[in-house]
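Observations on the model geometry
Listed below, chain by chain, are the residues.
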Amino acid sequence: MGTLRSSARSPRVAVVAGGSRGLGLLVALELARRGWSVAVSARGEDGVEHALRRLEHAARGAARMHGGVCDVGDAASVERWIVAVERDLGPVDAAFAVAGVIDVGPAETMRVEDFDRAIDVMLRGPIHLAWAVLPAMRRRRRGRIGVVTSIGGAVAVPHLLPYTAAKAGAIGFTEGLAAELAGTGVTATTIVPGLMRTGSHEVARFRGRPSREAAWFGAGASVPI
């Protein structure tokens, strides 16, 4: 079930998968400030409500907002969310895949399930989002898809192997998609941020010696780079 907050209709609609916190929320807030109608997804209702409150304040009544609970690792869940967004806000002009998870620890402490979780969210998530919005974008011959990857997907980072594997896959997917879309009027942009203070250390899961892993990871997350 989606949550809709209404004001003036904006002709431009953006969706941010994983828009309830961190970088995803910042992207959604910037779009709202620029007058876009914005839809955000999160894994729980609390995250959706938090994002909508922030968005309403940023937009100051200039756009419509939609929030929905969505599991980006589930293609059907993403499809349902996009259908609800287009019903409430209109055709999607831009889609951003930002949702992420982080497991921190030595490779030998990671389970296959940790890789599955990372790949579901950070590789299959962008694929599911792109496949949900692309058919309509292709028909209109316009649209923008942005996938937030990481420098950790381009340069392997110790103790972040599931994250690195999933982000590397997301880079390959988005670069390949961009090439496939050439000449269609639709673009795919690979976004490769460096180290940022997005609060990831507060939601990361730590393996091996958790206190030691949390210490270095938390310190690294606060370095001003």
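Heads up: the structure comes first, above all this text.
Residues numbered from 1 in each chain as written. Predicted model: local features only at pLDDT ≥ 70, side-chain atom pairs only at ≥ 80, totals over all residues. Heavy atoms only, no water.

Attention shifts here to the overall build of the protein. Secondary structure summary: the protein contains 7 helices and 9 strands in total. Counting over 225 residues, the protein shows a buried share of 48%. Looking at the protein alone, contacts between residues at least 24 apart form 74% of all its contacts between residues at least 6 apart. Put simply, the protein shows about 10600 Å² of open surface, and 56% of that area lies on carbon and sulfur atoms. (Helix = DSSP H or I, 4+ residues; strand = E, 2+ residues; numbered from the N terminus. Buried < 20%, exposed > 50% of the residue type's maximum accessible area, 1.4 Å probe, protein only. Contact = heavy atoms within 4.5 Å. Areas by Shrake-Rupley, 256 points an atom, 1.4 Å probe, with all protein chains shown as cover.)

Opposite charge on two side chains permits them to pair, given that their charged atoms come into close proximity. In the structure shown here, the tally under the stated rule is 6 salt bridges. Close ionic contact of R33 with E30 constitutes a salt bridge, the shortest N to O distance being 3.8 Å. On the criterion of helical spacing, the pair formed by R33 and E30 is a turn pair, its members being 3 residues apart in helix 1 (residues 22-33). For R33, a relative accessible area of 52% puts it in the exposed group. Residue D88 is joined to R87 by a salt bridge in which the shortest nitrogen-to-oxygen separation is 3.3 Å. One network of salt bridges, in which partners are shared, links E30, R33 and R34. (Salt bridge = Lys/Arg side-chain N within 4 Å of Asp/Glu carboxyl O.)

Going through the model one piece at a time under the given rule, you end up with 1 aromatic pair. An angle of 50 degrees between the planes, with centres 6.2 Å apart, marks the rings of W131 and F173 as tilted. Placement of the pair is W131 in helix 4 (residues 112-140) and F173 in helix 6 (residues 161-180), with a sequence separation of 42 residues. Judged by relative accessible area, which is 16%, F173 ranks as buried. (Phe/Tyr/Trp six-rings, centres within 6.5 Å; stacked < 30°, edge-to-face > 60°.)

Between its first and last C-alpha atoms helix 1 spans 17 Å; for 12 residues at 1.5 Å apiece the expected length is 16 Å, and the two agree. Buried within helix 1 are the following residues: G24, L25, A28, L29, L31 and A32. The arc that holds every buried residue of helix 1, seen down its axis, measures 160 degrees, which confines them to one face. The inward-facing, buried residues of helix 1 contact strand 2 (13-17), strand 3 (37-42), helix 2 (45-59), strand 4 (65-69) and strand 5 (94-97). Note on helix 1: the residue one or two positions beyond its end, G35, has a positive phi of about 95 degrees. (Expected span 1.5 Å × (residues − 1). Arc of directions from axis to C-beta.)

Topologically, K167 is positioned in helix 6. No salt bridge is formed by the buried K167; its nearest oppositely charged neighbour, D103, is found at 13 Å. (Lys, Arg positive; Asp, Glu negative; His and termini not counted.)

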